[in-house]
Amino acid sequence: MIDQATIAVNRFGLGGRPGEIAAVGGLPADYLLAQLDRAPRVSGPELPDTAEAITAFREFRRQRRKELASGDTGKTGTMMSSNSPRRIYNAEVRARIQTFVETDTPFAERLCLFWANHFAVSAASPPIAAMAGAFEREAIRPHITGNFADMVLASTANPGMLLYLDNANSIGPNSRAGRRRNRGLNENLARELLELHTLGVDGGYDLDDIRELAMAITGWSLAGPKTTRARMGTFVFRRGAHEPGTRNVMGESYRNTGSVAQGQRVLNDLAQHPSTARHIAFKLAQHFIADAPDRDLVATMERAYLQNRGELMPVYTAMLSHPTAFRPAPMKFKTPVDYMASVARGLQVDRNYQFWSRGLVVMGQRLWGPPSPKGWPDTRKRWVSSDALKTRLDFAVAVGRKMRTNFDVQQRATDMLGASLDRDTEIAISRAADQSQALALLLMSPEFQKR
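The structure displayed is predicted, hence computed values, not measured ones. (Residues numbered from 1 in each chain as written. Predicted model: local features only at pLDDT ≥ 70, side-chain atom pairs only at ≥ 80, totals over all residues. Heavy atoms only, no water.)

1. Some thoughts on the overall build of the chain
Keep this limit in mind: Where helices and strands are cited, they refer to DSSP runs of H or I of at least four residues and of E of at least two residues respectively, numbered from the N terminus. C-alpha atoms define the radius of gyration in this analysis, and the globule rule sets the expected value at 2.2 Å times the number of residues to the power 0.38. Note on classification: 1.4 Å probe, protein chains only; a residue is buried when its accessible area is under 20% of the maximum for its type, exposed when over 50%, partly exposed between these limits. Residue contacts are defined here by distance: any two heavy atoms, one from each residue, within 4.5 Å place the two residues in contact.
Summing up its helical and strand segments, the chain has 21 helices and four strands in all. Its C-alpha atoms give the chain a radius of gyration of 23 Å, near enough to 22 Å, the size a compact globule of 451 residues would have. For the chain, the spread of C-alpha atoms along the three principal axes comes to 75 × 60 × 40 Å. Expressed as a percentage of the 451 residues in the chain, the buried residues total 56%. At a minimum sequence separation of 6, the contacts of the chain that also span at least 24 residues come to 71%.

2. Some remarks on the side chain of His279
Selection criterion: Side-chain atoms alone can form a polar contact between residues adjacent in sequence; in general such a contact is a pair of N or O atoms within 3.5 Å, and within protein one must be able to donate a hydrogen while the other accepts it.
Among the structural elements, His279 can be located in helix α13 (residues 274-288). Within the structure, the side chain of His279 is placed 3.0 Å from the backbone oxygen of Leu196, a separation counted as a polar contact. Sequence-distant contacts of His279, defined by excluding residues within four places in its chain, comprise His118, Glu195, Leu196, Thr198, Leu199 and Gly200.

3. Regarding the packing of helix α5 (residues 106-118) against α13
Quick reminder of the rule: In this analysis an axis means a line fitted to C-alpha atoms, helices contributing only their contacting stretch, and an angle means the value between N-to-C directions, from 0 to 180 degrees. The scheme is simple: roughly parallel for angles under 35 degrees, roughly antiparallel for over 145, roughly perpendicular for 65 to 115, oblique for anything else. Crossing handedness: left-handed means the near helix sits turned counterclockwise from the far one by under a right angle, and right-handed means the same turn made clockwise. Any residue that is not Ala, Val, Leu, Ile, Met, Phe, Trp, Tyr, Cys, Pro, Asp, Glu, Lys or Arg is counted as polar, Gly included; the first ten are nonpolar and the last four charged.
Close contact between α5 and α13 brings their axes to 11 Å; oriented N to C, the two are set at 125 degrees. Here α5 lies oblique to α13, going by the angle between them. Helix-helix and strand crossings are classified by hand; for α5 and α13 the assignment is right-handed. Each of Phe107, Arg110, Leu111, Phe114, Trp115 and His118 in α5 lies in contact with α13, whose residues at this interface are His279, Ile280, Lys283, Leu284, His287 and Phe288. Among the residues making up the contact of α5 with α13, the classes are represented as seven nonpolar, three polar and two charged.

4. Digging into the packing of aromatic side chains
For clarity, the threshold we go by: To pair, rings of Phe, Tyr and Trp, with the six-membered ring standing in for Trp, must have centres within 6.5 Å; the planes then decide the type, stacked if under 30 degrees apart, edge-to-face if over 60, and tilted in the middle. Over a ring means this: the NZ of a Lys or the CZ of an Arg is within 6 Å of the ring centre and within 35 degrees of the ring normal.
In this structure the tally under the stated criterion is 19 aromatic pairs. Taken together, a centroid distance of 5.5 Å and an interplanar angle of 40 degrees make the contact between Trp115 and Phe148 tilted. Here Trp115, found in helix α5, pairs with Phe148, found in helix α7 (residues 148-157); they are 33 residues apart in sequence, far enough to count as distant. The buried category is assigned to Trp115, whose relative accessible area is 0%. By the ring-pair criterion, three or more aromatic residues cluster together here, those being Phe12, Phe107, Phe288, Tyr316 and Phe326. When the ring centre of Tyr89 is taken as origin, the NZ or CZ atom of Arg366, which lies over that ring, is 4.3 Å away.

5. So, the nonpolar core
Going by this rule: Remark: nonpolar core denotes a set of buried residues (Ala, Val, Leu, Ile, Met, Phe, Trp, Tyr, Cys) joined through side-chain atoms within 4.5 Å.
Membership of the largest hydrophobic core comes to 126 residues, with the highest contact counts inside it found for Phe12, Trp115, Leu284, Leu347, Trp356, Val399 and Leu443. Not counting the four nearest positions on each side in its chain, Trp356 is found in contact with Ile97, Met340, Val343, Ala344, Val349, Asp350, Phe395, Val399 and Lys402.

6. So, helix α14 (residues 295-307)
Stated precisely, the cut-off is as follows: A helix is expected to span 1.5 Å multiplied by its residue count minus one. Comment: arc refers to directions from the helix axis out to C-beta atoms.
An ideal rise of 1.5 Å per residue puts 18 Å on 13 residues; α14 measures up with 18 Å between its terminal C-alpha atoms. All of the buried residues along α14 are Leu297, Val298, Met301, Glu302, Ala304 and Tyr305. One side of α14 carries all its buried residues, which in axial view fall inside an arc of 160 degrees. The exposed set on the far side of α14, more than 90 degrees from its buried face, consists of Arg295 and Gln307. Contacts made by the buried residues of α14 are with α7, α12 (261-271), α13 and α15 (312-321).

7. Some remarks on the pattern of salt bridges
The criterion, for reference: Any Lys or Arg side-chain nitrogen located within 4 Å of an Asp or Glu carboxyl oxygen qualifies as a salt bridge.
With the rule as written, the count across this model stands at 21 salt bridges. The shortest N-O distance in the salt bridge between Glu109 and Arg141 comes to 2.8 Å. In this pair, Glu109 is assigned in helix α5 and Arg141 in the loop between α6 (126-140) and α7, connecting sequence segments 32 residues apart. With respect to burial, Glu109 and Arg141 carry one shared label: buried.

8. Some thoughts on the environment of Arg345
With respect to the element layout, Arg345 can be found in helix α16 (residues 336-347). The spacing of Arg345 and Val101 is 244 residues in sequence and 4.2 Å in space, taken between C-alpha atoms.

9. Looking at a positive patch on the surface
Under the convention used in this document: Each patch is built from salt-bridge-free residues with over 30% relative accessible area, joining like charges within 9 Å and nonpolar side chains (Val, Leu, Ile, Met, Phe, Trp, Tyr) within 5 Å. Each accessible area is a Shrake-Rupley result for a 1.4 Å probe, and residues are judged covered by the shown protein chains and nothing else. Positive: Lys, Arg. Negative: Asp, Glu. His and the chain ends are not part of the count. Each charge is placed at NZ for Lys, CZ for Arg, CG for Asp and CD for Glu.
A surface patch of positive charge is lined by Arg176, Arg179, Arg180, Arg181, Arg183, Arg229 and Arg239. Mapped onto the elements, Arg183 comes out in the loop between α9 (176-180) and α10 (188-197). Look at Arg183 and you get partly exposed, because its relative accessible area is 39%.

10. Digging into the environment of Pro159
Inspection of the secondary structure assignment puts Pro159 in helix α8 (residues 159-164). When the C-alpha positions of Pro159 and Asn147 are compared, they lie 21 Å apart, and in sequence the two are 12 residues distant. Leave out the neighbours within four places in its chain, and Pro159 touches Thr50, Ile54, Met131, Leu222, Gly233, Thr234 and Phe235.

11. Re the side chain of Thr156
By secondary structure assignment, the location of Thr156 is in helix α7. Judged by relative accessible area, Thr156 falls into the buried class, the value being 0%. A polar contact of 2.7 Å, which involves the side chain of Thr156, links it to the backbone oxygen of Val152. Apart from residues lying up to four places away in sequence, Thr156 is in contact with Met161, Leu162, Leu189, Leu193, Trp220 and Leu267.

12. As for the layout of surface pockets
Put simply, the test is: The distinction between a cavity and a pocket rests on a 1 Å grid over the protein atoms alone: a 1.4 Å probe fits inside a cavity but cannot get out, while a pocket stays open yet meets protein on both sides within 12 Å along at least five of seven lines, and a residue with an atom within 4 Å of a point counts as lining. Grid points are joined across faces, edges and corners, and a volume is the space filled by probe spheres set on the points.
Counted as a void, the largest pocket has a volume near 680 Å³. Along the wall of the largest pocket there are 33 residues; nearest its centre are Asn117, Lys374, Gly375, Trp376 and Pro377. Mapped onto the lining of the largest pocket, the elements with two or more residues apiece are α5, α10, α13 and α16. Per element, the largest residue contribution to the lining of the largest pocket is six residues, and it comes from α5. Its residues placed into classes, the lining of the largest pocket shows 15 nonpolar, nine polar and nine charged. As a volume, the second largest pocket reaches approximately 430 Å³.

Functional significance is not addressed by these values, which are geometric in nature.
This is how it looks when you write it as structure tokens:
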């Protein structure tokens, strides 16, 4: 029988490291919730904020254009400078993996992963690659234990999101700028706000709601190099680009204030909507507990959300207090990020983070690199193809060869999996030809693939 301490560490955390399961104690839900009393911090050196990342990218682009104009098409010079989006992204990845290994608040880190995927931006484009880590630190981490409305506002107004979903240049057709320029309304961010971030695809909105919301957030942009009233790369409200007039979204009217407040009020009301409560409850339950979560669990979390007007701590408490939360049978198949994090954490890996980052790319889940604003799929179906499992096996073998283990693999298996360690896996490890093979067998065991 799998004990609740093992479930707390593996289902709700990042996997066991030496001594972690034993430290849980007799009240695993309290152990998890206590982690949320501390702000989750990223390990490693100081990293650029969004504005610094944008400034670096602008300088990188300027220098690169200059190099190309002079005939330099190689990978030297600017491509290797500290302003390079690739170098900034790689530094962010190193810090993220180091955090997986070192954090004392793994439940908080899993929530950061969940919410960063919910409000997904993609590092597929160079400017977003430079600011994806900063987006998570600024728009997600400070709000995982607060009110959901604050996270919606912070993520929507973050320059990373405004650039990714093309709102920075969205102009109201009847605004001063709209009448002067040959550019107009962009509905991308408004559509994803309704479909993905708040109400959900079945949330009851229509095309008119998308357009009205898009007009409510016209003028939400970022400061450029010629802006004198704000630091370059930070959020600004461009009054001259904002669509005048009253907006009507989901049956509610919002008068024009000539400021950012009109859009803020719409977003705040969307965050409090019953459809949003249902959408968020389902996604959290699906992420942590089961691809098809128990209906009573979802309803319980939904009630907690509505009764507390979007406060997230009561929702987490409702989830962890429900009888299905600590059901012994593991219901979730680990995504590549889940898998890599549990391997790196359990083995307390060295600082060669490039190996682990490459492993994620090969397994098909680059950090901050989802294929669309929907984020990475969170269900088993996406990650259990024969090719995906073969790639995961190859990664496990590579880890076994790389680690040059100086620890007892049997003991480390117990540290990582606790009571979920299967007897057949123990026997296979004991019969392995060497420690590298024993470690690969552990990492590809059926119980290590689930949480």
